Amino acid sequence: MAEVVNVRLLKAGDKLKISHGATVVVVSNPLDGVWIFARYLTSPEEPSLEGTEDMIFAQDIIEVLEISGN
Amino acid sequence: MATKTKGRFVDELVDLKAGQISREIFVNEEIYAEEQEQVFTRAWLFIGHESQVPKPGDYFVSCMGEESVILCRGRDGALHVFLNSCRHRGMKVCRYDEGNTPVFTCPYHGWSYATDGKLVGVPFFKDAYHEKLDKSKWGLVEVAQMEVYKGSIWATWDPAAPPFTEYLGDFKMFFDLSLEAWNGTDEPLEVIGGVQKWLIPCNWKFPAENFSGDSYHNISHRSVDMVGIGPSGTGRRDTQERADSRRLQVSFPDRGHQTGIYVLPGGSPTAASYQQSPEVADYFREAEEKRRAIKGEWGRVTGSPGEIFPNTALHPRQPRSIAVWHPRGTHQTEVWRWYFVDAGAPYAVKDFLRQYYIRYSGPGGLTEQDDMENWNYAHSASRGTIARRHPYSYEQGMGSEQTNFELDGLKIPGTVMDLTEAKSSEQNLRNFYKRWAEFMDAPNWNELAGWR
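Residues numbered from 1 in each chain as written. Chains lettered and ligands numbered in written order. Predicted model: local features only at pLDDT ≥ 70, side-chain atom pairs only at ≥ 80, totals over all residues. Heavy atoms only, no water.

### A word on the overall build of chain B
Looking only at helices and strands, chain B has 13 helices and 24 strands in total. Whereas a compact globule of 452 residues would reach a radius of gyration of roughly 22 Å, chain B reaches 23 Å, a difference of no more than 12%. Seen through its principal axes, chain B has C-alpha atoms that stretch 75 × 55 × 40 Å. Within chain B, the fraction of its 452 residues that count as buried is 60%. (Helix = DSSP H or I, 4+ residues; strand = E, 2+ residues; numbered from the N terminus. Rg over C-alpha atoms; globule rule 2.2 N^0.38 Å. Buried < 20%, exposed > 50% of the residue type's maximum accessible area, 1.4 Å probe, protein only.)

Quick look at the structure:
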């Protein structure tokens, strides 16, 4: 099982694997420990989401794929 | 036109024909519960000041009666006032006093609301709710009406309440004495030093009555006058302009608002003030000269403590502050006090005022401590079985009030008591309780807006 991701540490540009096999890039972090704003990079189950922005719930984040250089 | 209301409170527990008010209205827990519904869900209540939320996403957590509310400036710049309670299970969605945020997220289950109150985040929306929850129906509960008046922010839960300026009526010109810059213009004020908050063991109506115009309790402040905390080094404030003026009480029977004022004789200059600091004295002298020039004859009027019904107290002159008496149960009040300075004043002026304000008001202020001691023990000594059988006396000055009052060509609206002649009067207190009793008995705003 993947480690619990501390969403408060996520920054714009970080790439994440989330539920339903999708990947997103962080757009901004409200630092509430519950949500992040992100843009879909891939969404195999629902391709229409790719490129759209959404709020991602912390428990839907599976793992951090890439930490941005910022 | 007088309101039609008559019931358990008008003429009974609040018997203003006899000038007597039952102690039950201060200590009875059923009456307290009733007034949360009758008064605090229907009246306009002070929320905060625009200077507290200047940028999109800024918020200030305030109160309406017992209930926590969020004053928030949305991303589009519009102001909102929301009940601070998640629609899912009621948890507070904001537990800070103030700040800036893109969303208010409930820490219990994670429902998240945008700064316009819309529900934007629902955990497992797809998997658990199958995207069937109608988010548009589950936004934060917003007040029925919200208005900004000269930087002050007001709200009511009652959609039938009249607009705020109608609620104020002619009291508006007296409220302006608290909201205009010292030079009488609409240049902005700002809240200085944060909001002081503290608890007093008394019913909220004790301080509300006091600030309505208790002109009889000056003896309580004799010690602070002897200490000399005033901005010229004597008394608790500058007294010469008051000594030069006619001292009046003004009340508005159909609205429940009331205040004290001082009116200089025609052609009289305003006395010098703030003599402990030449820079501050110069600032106020110049501001006062401009105010007198702009306001004409009305510039002869200066403010004194007052009360906007039900629980907002005004202290317009020295020090300049607004207080709200939040009910916290029958036997406890939480005071929130805002202090104001001209936003454009030099730092030296703001800092001088800050220090004077906290010497005078708040939990550490010498003048406010005198008042709190009185309210505390008056309340506790009124709770007993025997004590409750004996009403308070509000007979002072009954029948001496005047209308169409005029002083050297300046007409004063409302019902006026001349305290230069009478020394003291309880007219303003009776006015406050008259309106309180009407709110307690009236079923709706059709009866409360008797002036229509």
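### Here's the deal with the interface of chain B and chain A
Taken residue by residue, the interface counts 13 residues in chain B and 12 residues in chain A. With both chains or domains summed, chain B and chain A bury close to 940 Å², and 66% of this area falls on carbon and sulfur atoms. Area buried by chain B at its contact with chain A is led by B:Thr105, B:Phe124 and B:Lys126, which between them contribute 40% of it. The interface formed by chain B and chain A holds one salt bridge in total. Where A:Glu46 meets B:Lys126, a salt bridge forms, and the shortest distance between an N and an O atom there is 2.7 Å. In this structure, the connection of chain B to chain A is made through four residue pairs in polar contact (both at pLDDT 80 or more). When residues of the side of chain B that touches chain A are traced back to their parent elements, those giving at least two are strand 8 (103–105) and strand 10 (119–121) of chain B. Partitioned by chemical class, the residues of the side of chain B that touches chain A number six nonpolar, five polar and two charged. (Contact = heavy atoms within 4.5 Å. Buried area = accessible area lost by both parts, 1.4 Å probe. Salt bridge = Lys/Arg side-chain N within 4 Å of Asp/Glu carboxyl O. Polar contact = N/O pair within 3.5 Å; in protein donor to acceptor, adjacent residues only side chain to side chain. Nonpolar A, V, L, I, M, F, W, Y, C, P; charged D, E, K, R; others polar.)

### Considerations on the domain arrangement of chain B
Residues and elements named next belong to chain B. Once the domains are mapped, chain B shows domain 1 (14–38 + 167–448) and domain 2 (45–146). A straight line from the C-alpha centre of domain 1 to that of domain 2 covers 33 Å. Listed as interface residues are 19 residues of domain 1 and, on the opposing side, 14 residues of domain 2. With both chains or domains summed, domain 1 and domain 2 bury close to 1,200 Å², and 65% of this area falls on carbon and sulfur atoms. Summed over the shared surface of domain 1 and domain 2, the result is one salt bridge. The partner of Asp97 in a salt bridge is Lys197, and the shortest N-O contact between them spans 3.7 Å. For the pair domain 1 and domain 2, the number of links is four residue pairs in polar contact (both at pLDDT 80 or more). Per element, the largest residue contribution to the side of domain 1 that touches domain 2 is four residues, and it comes from strand 19 (residues 321–327). Here the side of domain 1 that touches domain 2 is built from residues that sort into 11 nonpolar, five polar and three charged. (Domains from an automatic or database assignment.)

### A closer look at the pattern of salt bridges
Within the structure shown, the criterion is met by 32 salt bridges over all chains. Here A:Glu66 makes a salt bridge to A:Lys15, at a shortest N to O gap of 3.9 Å. With A:Glu66 in strand 5 (residues 61–66) and A:Lys15 in strand 1 (residues 15–18), this pair connects stretches of sequence that are 51 residues apart. A:Lys15 gets classed as partly exposed once you look at its relative accessible area, which sits at 30%. Across the salt bridge formed by B:Asp351 and B:Arg354, the nearest N and O atoms sit 2.9 Å from each other. Taken as a pair, B:Asp351 and B:Arg354 lie in helix 9 (residues 347–360) at a separation of three residues, close to a single helical turn. Residue B:Arg354 is classed as partly exposed on the basis of its relative accessible area, which comes to 34%. In this structure, a network of salt bridges that share partners links the residues B:Lys150, B:Glu180, B:Asp186 and B:Lys295.

### Some thoughts on unusual backbone geometry
All names here are of chain B. Cis geometry marks the peptide bond from Phe309 to Pro310; its omega dihedral reads 5 degrees. Within the secondary structure, Pro310 is located in the loop between strand 17 (301–308) and strand 18 (312–315). The step from Gln318 to Pro319 runs through a cis peptide bond, and the omega angle for that step is -15 degrees. Position of Pro319 among the secondary structure elements: in the loop between strand 18 and strand 19.

### Side note on the pairing of strand 5 (residues 67–73) of chain B
Residues and elements named next belong to chain B. Burial runs high along strand 5: six of the seven residues are buried. Judged from the six bridges that link them, strand 4 (residues 58–64) and strand 5 form a sheet pairing that is antiparallel. Within strand 5, the residue paired with Met64 across the bridge is Glu67. Hairpin geometry of strand 4 and strand 5 is characterised by an intervening segment of two residues between the two adjacent antiparallel strands and by a positive phi of about 65 degrees at Gly65. Two elements, strand 5 and strand 6 (residues 79–83), share five bridges in a ladder whose sense is antiparallel. Residue pairing in the sheet places Ile70 in a bridge with Phe82 of strand 6. The hairpin formed by strand 5 and strand 6 contains five residues between the paired strands, and Gly77 there has a positive phi angle of roughly 90 degrees. (Pairing = 2+ DSSP bridges.)

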